Amino acid sequence: MHVPKESNGKPALHPGNSDFIVVSNRLPVDRVPQEESDDGWRRSPGGLVTALAPVMASRGGAWVGWHGAPDEALEPFHHDNMDLIPVGLSAEEVELYYEGFSNSTLWPLYHDVIAPPEFHRTWWDAYRTVNQRFAHAAAGAAAKGATVWVQDYQLQLVPRYLRQLRPDLRIGFFNHIPFPPPEIFAQLPWRKEIISGLLEADLVGFQRASDTANFLRSARRFVGAGVKAAQVQSKDQDGKVVHISRAAPFPISIDVGQIQELAANPDVIARAKQIREDLGNPKTILLGVDRLDYTKGITHRLKAYGELLTEKTIKVEDAALIQVASPSRERVETYKQLREDVEGIVGRINGQHDTIQNTAVRYLHHSYPVEEMVALYLAADVMLVTALRDGMNLVAKEYVAARGDNTGALVLSEFAGAADQLKSALLVNPHDIDGLKSTIVRAVNLSPAESSRRMRAMRRQILTHDVQRWSEDFLTTLQTEAEPV
Ligand code: G6P
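**Some details on the site of the ligand**
Piece 1. Neighbouring the ligand are 14 residues, the closest being Arg26, Tyr98, Asp152, Gln154 and Arg329.
Piece 2. Glycine 47 places a polar main-chain atom, nitrogen or oxygen, 3.4 Å from an oxygen atom of the ligand.
Piece 3. Between the ligand and the protein, one listed contact pairs an oxygen atom with a side-chain N or O atom of glutamine 154 at 3.1 Å.
Piece 4. Surface burial for the ligand is 93%, taken as the share of its 380 Å² of free accessible area covered by protein chains.
Piece 5. Of all elements in the fold, only α1 (47-59) and α2 (91-110) reach the threshold of two or more residues within the shell around the ligand.

**Let's talk about the sheet that holds strand β7 (residues 142-151)**
Piece 1. The mixed open sheet is built from ten strands, whose spatial order is β5-β6-β4-β1-β7-β8-β9-β12-β11-β10. Of all strands in the sheet, those bounded by a partner on one side alone are β5 (77-79) and β10 (226-228). Averaged over neighbouring strand pairs, the angle between their axes works out to 25 degrees when direction is ignored.
Piece 2. Both β7 and strand β8 (residues 170-174) contribute to a ladder of five bridges, which runs parallel. Bridge pairing links valine 150 to phenylalanine 173 in β8.
Piece 3. Packing of helix α3 (residues 121-141) onto the sheet brings it into contact with β1 (18-26), β4 (61-66), β6 (82-86) and β7, and relative to β1 it is tilted by some 160 degrees.

**Some points on unusual backbone geometry**
Piece 1. Despite not being glycine, asparagine 393 has its phi angle at roughly 85 degrees, a positive value.
Piece 2. Take asparagine 393: it is sitting in the loop between β16 (382-385) and α13 (394-402).
Piece 3. By relative accessible area, which is 7% here, asparagine 393 ends up buried.
Piece 4. Notably, asparagine 406 is not glycine yet its phi reads approximately 60 degrees, a positive angle.
Piece 5. Within the secondary structure, asparagine 406 sits in the loop between α13 and β17 (409-413).

**Considerations on the pattern of salt bridges**
Piece 1. All told, the structure shown has 34 salt bridges when counted by the stated rule.
Piece 2. Taking the shortest distance from any N to any O, the salt bridge between arginine 42 and glutamate 36 comes out at 3.3 Å.
Piece 3. Look at arginine 42 and you get partly exposed, because its relative accessible area is 41%.
Piece 4. One salt bridge in this structure joins arginine 339 and glutamate 330, with 3.7 Å as the shortest N-O distance.
Piece 5. Relative accessible area serves as the criterion here: at 44%, glutamate 330 is assigned to the partly exposed category.

**Details of the domain arrangement of the protein chain**
Piece 1. Here the domain parsing of the protein chain yields domain 1 (18-253 + 469-479) and domain 2 (256-465).
Piece 2. Computed from C-alpha coordinates alone, the two centres of domain 1 and domain 2 are separated by 30 Å.
Piece 3. Each partner contributes residues to the interface: domain 1 has 25 residues there, and domain 2 has 26 residues.
Piece 4. Summing both partners gives a buried area of about 2100 Å² for domain 1 against domain 2, and 55% of it is carried by carbon and sulfur.

**Re the nonpolar core**
Most often, soluble globular proteins keep nonpolar side chains buried together rather than apart.
Piece 1. Ranked by size, the top nonpolar core spans 96 residues in total, and within it Phe134 and Phe215 carry the most contacts.
Piece 2. For this core, the element with the highest residue contribution is α3, accounting for ten residues.
Piece 3. In this structure, this core is formed jointly by two domains, domain 1 (18-253 + 469-479) and domain 2 (256-465), each of which donates at least three residues.
Piece 4. Apart from the residues lying within four places of it in its own chain, the contact partners of phenylalanine 215 are Phe179, Ile195, Leu198, Leu199, Val204, Phe206 and Ala247.
Piece 5. Judged by nonpolar contacts, the second largest core, of 70 residues, contains Phe20, Val29, Leu52 and Met383.

Definitions and limits used
- Residues numbered from 1 in each chain as written.
- Predicted model: local features only at pLDDT ≥ 70, side-chain atom pairs only at ≥ 80, totals over all residues.
- Heavy atoms only, no water.
- Near = heavy atom within 4 Å.
- Polar contact = N/O pair within 3.5 Å; in protein donor to acceptor, adjacent residues only side chain to side chain.
- Areas by Shrake-Rupley, 256 points an atom, 1.4 Å probe, with all protein chains shown as cover.
- Helix = DSSP H or I, 4+ residues; strand = E, 2+ residues; numbered from the N terminus.
- Pairing = 2+ DSSP bridges.
- Axes fitted to C-alpha atoms, helices over the stretch in contact; angles between N-to-C directions.
- Contact = heavy atoms within 4.5 Å.
- Buried < 20%, exposed > 50% of the residue type's maximum accessible area, 1.4 Å probe, protein only.
- Salt bridge = Lys/Arg side-chain N within 4 Å of Asp/Glu carboxyl O.
- Domains from an automatic or database assignment.
- Buried area = accessible area lost by both parts, 1.4 Å probe.
- Core = buried A, V, L, I, M, F, W, Y, C linked by side-chain atoms within 4.5 Å.

In structure tokens:
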């Protein structure tokens, strides 16, 4: 067993000492084979870690989560100003709880059933068992009266188990992905248990107002909860309110300072220039950056771009599309299928349109460090975010934060949470391929004046709403006592 060394000379964690604890399925770092990284650790994928890591690095506290490797038990350790408390998962639990219930039941169900969700009782049993384990780990680390902030769809039963173990705690929950309308949520055989699990939190946060409304409608419909102005009140036999759970939107954001700093860094600027040169200095670089996930609308984007090339509205000599698709959930069947589909489409587009000098789509099935991402944002004239459904989409916000000179165009799906804040983006319905095509053409030809006007408006929003503010808003609301309305 590998036990990471203490850094910063801090003593090992004593359970029961933490006043502030984040609980998420993943820790901010993943265990990887030694040959893939110098110290055996790598930054975990996805928006949740992108958003929470800077918050935790600055405020400190403990982070309870899985370290990404099955069948490996690790001791708590100190990293980047936090105590990391690993929760172990067996290979079977990875299959049933993580790949199964979390990512083949809840993920598609919560994302508009873009892929059909599967319902299996064995997966549900594993989900309950693992949620109990996370709750135990948090309960063991929390000081008296501590604040515990539970994250995302993998852990919706944790507020309930934690409340049973430690009634003294203040418990918040934040859902990073959409919450579906009750008409879709109704399919879940364990819909009551999920809603009751969440309602044990003092505050349940969502990305969008529509997610909050969906949750409250489900609370009313499936557990008969008394909902009054975003409060769900539990009463004793005498009708006295004994517990109030509140629900509200808290749109998540990014570490704006970090992205701005990198965007002004001479090495990053030089790298952006290099990227443009390596592509033969085309007039326009279009960019897509996503986890390789069927919710992201990558095939829709490629279809639109391919048709524009075929119709010669865009010429391969003038434009290049860079598509970063970072590997994700690679053992789940729908993700394997998506990879085949995407790679088939990219192959066909490139086969048809490439010249010896020019490649239509640079497809990169990798993840990259943030420095390289910012260089790509600086190099790209048009950013394409065409998700079919997305809780927020932080890539859209990072692109805007990086564009300090107010140039560039953002094509943004109205089905991404970010559309609520970035109203001056070029908004699209990605299912409407003709609409997507005309919006891409519009973005490519956007006048400098219009591009600047739109980018300024979006930057005003992003610069005043960073992820620190998001966490402060949530945690301040969580600390205030709810008055029955
Ligand atoms: C999304 C989810 C996160 C998840 C991330 C990466 O951002 O909201 O909870 O961690 O995707 O997915 P993975 O399954 O690799 O953790």
